[in-house]
Amino acid sequence: MRDLSKTNIFLIGFMGAGKSSVAARLSEELRTPCLELDEIISEQVSMSVSKIFEHCGEEYFRDLESDAIADAAKLEGCIVSCGGGAVLRRKNVEMMKASGIIVLLTAHPKTILDRIKDNEDRPLLSRSNKSVEYISNMMDIRREQYEAAANVIIDTECKTIPEVCDELLRKVADA
Ligand code: S3P
């Protein structure tokens, strides 16, 4: 059985998969700190994620994201909610793997669209990109990287946040 007070749990998955909600609930349940990487990055540079993409470009955001993952990987016993692109760099995945367990949350493109449609701080899913086709295509491109990184995979479809957390804790204990 894994000692969760020493292991970090990294939540990965597509935008709108439920990482932030699950992380917040888990952190409450386990009484462990929760790190919301996009929030940490935004606070560091005093800009929203959209503004970082707009003014400094995606590569700059990805560099900040890698730095935030490196910092999180030095900690113990934290729930870390990663941005959806955290798996795009292999070194990010290596750092997460070395410091804890990686849990992938999944959902159908239609469900993702329903969850993100009113949010304006996702530069990769803005305006015309807010469609099932676009999400589905982007998900297909990333799927292999998500699945290769994950120690545990949880389908969030038709499940409540507490149900996802229960399943996660069971699977993490066995992983
Ligand atoms: C991104 C996901 C976002 C955020 C940025 C890029 C991505 O985080 O990091 O907009 O590449 O999938 P969420 O998954 O929390 O929306």
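Please refer to the structure placed before this passage.
Conventions and cut-offs
Residues numbered from 1 in each chain as written. Predicted model: local features only at pLDDT ≥ 70, side-chain atom pairs only at ≥ 80, totals over all residues. Heavy atoms only, no water. Helix = DSSP H or I, 4+ residues; strand = E, 2+ residues; numbered from the N terminus. Buried < 20%, exposed > 50% of the residue type's maximum accessible area, 1.4 Å probe, protein only. Contact = heavy atoms within 4.5 Å. Salt bridge = Lys/Arg side-chain N within 4 Å of Asp/Glu carboxyl O. Pairing = 2+ DSSP bridges. Axes fitted to C-alpha atoms, helices over the stretch in contact; angles between N-to-C directions. Near = heavy atom within 4 Å. Polar contact = N/O pair within 3.5 Å; in protein donor to acceptor, adjacent residues only side chain to side chain. Areas by Shrake-Rupley, 256 points an atom, 1.4 Å probe, with all protein chains shown as cover. Nonpolar A, V, L, I, M, F, W, Y, C, P; charged D, E, K, R; others polar. Parallel < 35°, antiparallel > 145°, perpendicular 65-115°, else oblique. Left-handed = near helix turned anticlockwise from the far one by under 90°.

Caption draft 1: Representation of the environment of A70. With respect to the helices and strands, A70 occurs in helix α4 (residues 58-73). For A70, a relative accessible area of 23% puts it in the partly exposed group. With 57 residues separating them along the chain, A70 and R127 place their C-alpha atoms 32 Å apart.

Caption draft 2: Looking closely at the environment of L169. Tracing the chain through its elements places L169 in helix α8 (residues 161-174). With 115 residues separating them along the chain, L169 and E54 place their C-alpha atoms 38 Å apart. Not counting residues up to four positions away in its chain, the partners in contact with L169 are L4, L26, E29 and L30.

Caption draft 3: Geometry of the pattern of salt bridges. Under the counting rule described, the total for this entry stands at 12 salt bridges. Taking the shortest distance from any N to any O, the salt bridge between E65 and R62 comes out at 2.9 Å. Taken together, the residues span about one helical turn, with E65 and R62 both in helix α4 at a distance of 3 residues. Taking relative accessible area as the criterion, E65 reaches 2% and is therefore assigned buried. Several salt bridges share partner residues, and in doing so they unite E58, R62 and E65 into one network.

Caption draft 4: The sheet that holds strand β2 (residues 34-36), seen in detail. A sheet is described by the order of its strands in space; here 5 strands give the open sequence β2-β3-β1-β4-β5, paired in parallel fashion. Edge positions in the sheet fall to β2 and β5 (152-155), since each has one partner strand and no second. Within the sheet, the average angular offset between the axes of one strand and its neighbour, ignoring direction, is 20°. Where strand β4 (residues 100-106) meets β5, 4 bridges bridge the pair, whose relative direction is parallel. Following the sheet pairing, L104 is matched in β5 by I153. Contacts between helix α7 (residues 132-149) and the sheet are confined to β1 (8-12), β4 and β5, with β4 contributing the most and set at about 140° to the helix.

Caption draft 5: Just the site of the ligand, in detail. Close contacts around the ligand come from 13 residues, with K19, D38, R62, R122 and R142 the closest. At 2.8 Å, a side-chain N or O of D38 approaches an oxygen atom of the ligand. Surface burial for the ligand is 96%, taken as the share of its 380 Å² of free accessible area covered by protein chains. For the shell around the ligand, the per-class residue count stands at 5 nonpolar, 3 polar and 5 charged.

Caption draft 6: Focus on the pairing of β4. Within β4, 6 of the 7 residues are buried, leaving the element largely enclosed by the surrounding structure. As defined by bridge partners, β1 adjoins β4 across 5 bridges and the pair is classed as parallel. Paired with N8 across the strands is G100, a residue of β4.

Caption draft 7: How the structure looks around the packing of helix α2 (residues 37-45) against α4. One can describe the packing of α2 onto α4 by two numbers: an axis separation of 10 Å at closest approach and a directional angle of 115°. If you check the angle between α2 and α4, you find them roughly perpendicular. When you trace α2 past α4, the crossing you get is right-handed. Side by side, α2 and α4 meet where L37, D38, I41, Q44 and V45 of the first sit next to Y60, F61, L64, E65, A68, I69 and A72 of the second. When the residues that make up the contact of α2 with α4 are grouped by side-chain class, the tally is 9 nonpolar, 1 polar and 2 charged.

On their own, these measurements won't tell you what the molecule is for.
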